[in-house]
Amino acid sequence: MYRQDTASDFVRWRHLVSESFVALDAEPVRPGSFSGRLAGRQLRELAIMEVTAGAHAVTRTPELINQTSADCYKLNLQVSGHGLLVQDDRETVMRPGDLAIYDTERPYSLTFDEEFSTLVLMFPRQLTGLSADDVQELTATTMGAGHRLGRAVAPFITQIGTMLPTLDGPIGHRLALNVVDLVATVLADELYSRPVAEHTQQARLLRRVHHFIEAQLANPDLGPELIAAAHYISTRSLHQLFAGTGHTVARWIRERRLEQCRRDLEDPLHRDVAVGAIGARWGLADPAHFSRLFRAEFGQSPAQYRRQHL
């Protein structure tokens, strides 16, 4: 459902911003009158909101994180005005057309010294297909008009913002997922294009492996041997590459496949696709094996999950 909320005082605004996203402290940056507007949609696990307000600051503190864990990223597209985003010992000034990502599971602050408008997309972290360590390198950095892919993606997100009043149902949800996929591509491009001096060859190789796996999830033969051969390394070197990530190669493949299956199972456009066919589509051809893995990951069978979420 499309929602619009306005506030003519800061007490009301504090309530609105926490209710619409995650728990936040909000404070005016100067005394005087204040007004703000929130408009947008919750599209299942994703939220897209347009925020227009006067000067103020919001902060996500460690105490609030402990009270209300969200496990989400937020992406801001600055539409008008300027903002200062601070996270992970970095800060960046956001100008119109700039994109920036930040993590709701770590402290951050956003300060706006003037009236502004911004589009905010909040989505589960696992949807990017990137490791948390990779994304952490890019929080509070801008990707927009000066970024080769950011300048192409930002107008698309802007257009989605204009469609919010009519953007609903399965098509709206799918478009929101498409935005997340595009953002993940922008993030990956930024990681790959950084100088070698900032990132070791091992880190770059791990990113290449992650993206190879993502592209090959539908291949039932995907495994350490195939991955190692494609990157001209031994399987032993591949396992060593993953040793510091908290995942084995097999676990990473399994989690990425199951996440794609989960997305398909709750997509109304796939309502008529058999559960077993969804598993096979993502490389899990044995229905019984797929069901066991899915239950172990999400606590219910694929069929039960579909019934609950459609």
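Everything discussed here concerns the structure shown above.
Reference entry: report on the structure contained in this document.

Rules used throughout
- Residues numbered from 1 in each chain as written.
- Predicted model: local features only at pLDDT ≥ 70, side-chain atom pairs only at ≥ 80, totals over all residues.
- Heavy atoms only, no water.
- Salt bridge = Lys/Arg side-chain N within 4 Å of Asp/Glu carboxyl O.
- Helix = DSSP H or I, 4+ residues; strand = E, 2+ residues; numbered from the N terminus.
- Buried < 20%, exposed > 50% of the residue type's maximum accessible area, 1.4 Å probe, protein only.
- Polar contact = N/O pair within 3.5 Å; in protein donor to acceptor, adjacent residues only side chain to side chain.
- Core = buried A, V, L, I, M, F, W, Y, C linked by side-chain atoms within 4.5 Å.
- Contact = heavy atoms within 4.5 Å.

Topic: the pattern of salt bridges
Opposite charge on two side chains allows them to pair when their charged atoms are near.
Here comes step 1: Scanning the entire structure with this criterion turns up 18 salt bridges.
Here comes step 2: Across the salt bridge formed by E259 and R262, the nearest N and O atoms sit 2.7 Å from each other. With a gap of three residues between them, E259 and R262 both fall in helix α9 (residues 249-265), about one helical turn apart.
Here comes step 3: By relative accessible area, E259 is classed as buried at 4%.
Here comes step 4: Close ionic contact of R262 with E266 constitutes a salt bridge, the shortest N to O distance being 3.3 Å.

Observations regarding the side chain of Q300
Here comes step 1: Looking at the secondary structure, you find Q300 in the loop between α11 (287-298) and α12 (302-309).
Here comes step 2: A polar atom in the side chain of Q300 sits 3.0 Å from the side chain of Q308.

Details of the nonpolar core
Where a protein is soluble and globular, its nonpolar side chains tend to be buried together.
Here comes step 1: In this structure, L46, L75, L121, F123 and I157 are the most contacted members of the largest nonpolar core, which totals 32 residues.
Here comes step 2: The set of elements that each furnish at least two residues to this core consists of β4 (46-53), β6 (72-80), β9 (99-103), β11 (116-124), α4 (150-162) and α5 (169-193).
Here comes step 3: Those residues in contact with L121 that lie beyond four places of it in its chain are L46, A47, I48, Y73, K74, L75, V179 and V180.

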